[in-house]
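So the chains spell out like this:
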There are 2 protein chains.
Amino acid sequence: MSTAPACLSHSRVTITPALRAAVDRLDHRSRHQAAYHFGWITAGGAPVSADAGKAVRPALALLSAEAVGAPPEVALPGAVAVELVHNFSLVHDDLMDGDEERRHRRTVWKLWGSSSAILTGDALLALAQEVLLDTGLPTAAPAARLLARTTRHLIRGQVQDLAFEQRSHVTVEECVDMAAGKTGALLSASAAIGAVLAGAPEATVDALALYGDQVGVAFQLVDDVLGIWGDPAVTGKPVHSDLRSRKKSLPVSHALNQGGPLSDELAAWLTTPGEPDEEELRRVAGLIEGAGGRDWALAEAARRMALAEDALRGVELDAGARDELLALGRFVVDREV
Amino acid sequence: MSTAPACLSHSRVTITPALRAAVDRLDHRSRHQAAYHFGWITAGGAPVSADAGKAVRPALALLSAEAVGAPPEVALPGAVAVELVHNFSLVHDDLMDGDEERRHRRTVWKLWGSSSAILTGDALLALAQEVLLDTGLPTAAPAARLLARTTRHLIRGQVQDLAFEQRSHVTVEECVDMAAGKTGALLSASAAIGAVLAGAPEATVDALALYGDQVGVAFQLVDDVLGIWGDPAVTGKPVHSDLRSRKKSLPVSHALNQGGPLSDELAAWLTTPGEPDEEELRRVAGLIEGAGGRDWALAEAARRMALAEDALRGVELDAGARDELLALGRFVVDREV
């Protein structure tokens, strides 16, 4: 049985006081909107315990310190910082994508307008650096540097995502690069930041970062498969949800780039306007599957998970923390496909 | 004669190569939009030399290293970082304020849409930290910490600015606090960051920071006077421009908080809908002047400039650099009122 759910819930409990203390430094409005976004208060300000997300990134950060033999407290500012950067990107992405709900609650921009979402996101990003650098640890600077570079890659991924929507053709490499930016970069930084704060050797930090990168891309591959073929009862999203929006997800881009009649038919369909019905969506899902998009994505996810696990086995790490990291990676990626 | 114009143009020339190298690290789209915003290319991508702003913040950063006896090169990453943070805030503020032009060119959001402006601004903010931390200097961490805290205050100022628009009453203290956040915080960090990077003593850094803070608020007081009584030929803005938008600027908030019939009449006018004509604007400008708003703002600006100059005279600094800092502060604040 996986220890991952216990690890995630432990990580949520560990970081919440420090995360709340950090958010308390913000101006009145940004603090209120951030506290709402994190599920601590209602929009009106009453205390509540809403879903704050799985806390995968803070859990990776705490484990990465343990993996190099340091107490998890060393990683606490790193765990808070990666959670702040993740939520900066969620608040801004919800606005850019026009998403009105997150975790069954209205989004910040939907409740308070676009300027509020821009400013609250900006405040969370600046706060992430402040939390790290306030520690005064000699390792805070390399950790903050890692976080700044990671934020650049995260933004690149979102830029690509928006750009690809407007293009008729996207290569598989571009699609993987986007996933590496949007999902891999921050998981990678999360899995490495605890080790950076603990002053671990570069090779160990690199191995942990590689692990996070590969888990991130594997997660995205599986997520994209679920976006087409996932069971709505499991995913919580409508059937064929990514097809309805004609998203050039990883399985779609693989299928498109195969050449041949199935690819051509898929390419033509992607540029067709109008709301597709269920029968049409089933047919297109079949095209993608016929062109190998589903099998490729699942095989590629498995290959990347193997690379992730190899990375962790290639360096000396605390055995217990390594097992927890491996279990957490599998828990995040291996969902009901 | 002031040496400030030469100092500003020297600072622009000094930082541009490093600023361009930093922007070159961004993804293709953010790089293009940032290069356009900085005036290096046209919207289509052709090289150009458009107005890139006065470079006051980089000039302060370079002088603050010289003032503590360090070569200005020490401050270069700090000068680039404060310019990046300033432009992050301009790109986001233009979007939030709906401003379609900056320096006689269309704004980023106007040309490429709101998502592009959000992402390009985010990228500039993350890049500022990266540039500082990439130096590997032992003083990079305190400089990056200063910048992160400053960004929080900058955002607070913008949050207050937007909030005050929706409120009928704002105290003078709140208005000054907003100016300290929106204008003072980054000028303060700029005037201190070179000294921080040079490893100067805390008392010296604090004096430079105080200087920048006071110059920032003094600038805003004078800018607000010009926004009501400024000569359009000098300001480049329409006459009474801040009154047209019924902005609760510093002179307005002072006048409002005096009590008596002029304050009451002004308060009533501020909540009146409709487009005021020239005669009405002249009458309201007279109300504000009658309630002492103009005299107070100019006296307060002078008082703050004296405090700024006292701060620089209270610590040991290189005499030449101190004179340049004093001249630069006066140049920024003392415009044709």
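This write-up is about the structure you can find in this document. Please read these numbers as outputs of a predicted model, since none were measured by experiment.

**A few points about the packing of aromatic side chains**
Enumeration over the complete set of coordinates arrives at 4 aromatic pairs over all chains. For the ring pair F38 of chain A and W40 of chain A, a centre distance of 5.0 Å and an interplane angle of 15° mean the geometry is stacked. Pair check on accessibility: F38 of chain A and W40 of chain A agree, each one buried. Their ring planes at 80° and their centres at 5.3 Å tell us that Y36 of chain B and W112 of chain B sit as a pair that is edge-to-face. Separated by 76 residues along the polypeptide, Y36 of chain B in helix α2 (residues 28-37) and W112 of chain B in helix α5 (residues 108-112) bring together distant segments of the chain. A cation sits over an aromatic face here: R246 of chain A above W269 of chain A, 4.4 Å from the ring centre.

**Overview of the packing of helix α1 (residues 4-23) of chain A against helix α4 (residues 76-97) of chain A**
To describe two helices that pack against each other, one gives the angle between their axes and the distance between the axes. All names here are of chain A. Running from N to C, α1 and α4 point in directions that differ by 70°, and their axes come no closer than 9 Å. Between α1 and α4, the interaxial angle falls into the category roughly perpendicular. Two secondary-structure elements touch here, α1 through R12, T14, I15, A18, L19, A22 and V23 and α4 through L76, A79, V80, E83 and L84. Looking at the contact of α1 with α4 residue by residue, the class counts come to 9 nonpolar, 1 polar and 2 charged.

**Things to note about the nonpolar core**
By size, the foremost hydrophobic cluster in this structure holds 235 residues, and its most contacted members are L84 of chain A together with L84 of chain B. The residues touching L84 of chain B, leaving out its near neighbours within four places in the chain, are L19, V23, F38, L124, L127, A128 and V131 of chain B.

**What to know about the interface of chain A and chain B**
Taken together, the 35 residues of chain A in the interface contact 35 residues of chain B. In total, chain A and chain B occlude about 3000 Å² of area from one another, counting both sides; carbon and sulfur atoms represent 70% of this. Summed over the shared surface of chain A and chain B, the number is 4 salt bridges. Between D134 of chain A and R145 of chain B there is a salt bridge; the shortest N-O distance is 2.5 Å. Taken together, the links from chain A to chain B amount to 8 residue pairs in polar contact (both at pLDDT 80 or more). Where the side of chain A that touches chain B is concerned, the elements lending two or more residues are α2 (28-37), α4, α6 (114-133) and α7 (140-165) of chain A.

**Side note on the relation of the copies chain A and chain B**
The second copy of the chain is related to the first by a rotation about an axis and a shift along the axis. Rotating chain A by 180° about the axis while translating it 0.0 Å along that axis superimposes it on chain B, leaving an RMSD of 0.0 Å. What we have between these two chains is a two-fold relation. Ranked by how close their C-alpha atoms come to the rotation axis, the residues of chain A are headed by A141 of chain A, at 2.6 Å. When the interface residues of chain A are mapped onto chain B, 100% of them again fall at the interface, so both copies present the same face.

Conventions and cut-offs
Residues numbered from 1 in each chain as written. Chains lettered and ligands numbered in written order. Predicted model: local features only at pLDDT ≥ 70, side-chain atom pairs only at ≥ 80, totals over all residues. Heavy atoms only, no water. Phe/Tyr/Trp six-rings, centres within 6.5 Å; stacked < 30°, edge-to-face > 60°. Buried < 20%, exposed > 50% of the residue type's maximum accessible area, 1.4 Å probe, protein only. Helix = DSSP H or I, 4+ residues; strand = E, 2+ residues; numbered from the N terminus. Lys NZ or Arg CZ within 6 Å of the ring centre and 35° of its normal. Axes fitted to C-alpha atoms, helices over the stretch in contact; angles between N-to-C directions. Parallel < 35°, antiparallel > 145°, perpendicular 65-115°, else oblique. Contact = heavy atoms within 4.5 Å. Nonpolar A, V, L, I, M, F, W, Y, C, P; charged D, E, K, R; others polar. Core = buried A, V, L, I, M, F, W, Y, C linked by side-chain atoms within 4.5 Å. Buried area = accessible area lost by both parts, 1.4 Å probe. Salt bridge = Lys/Arg side-chain N within 4 Å of Asp/Glu carboxyl O. Polar contact = N/O pair within 3.5 Å; in protein donor to acceptor, adjacent residues only side chain to side chain. Least-squares fit on C-alpha atoms with pLDDT ≥ 70 in both.

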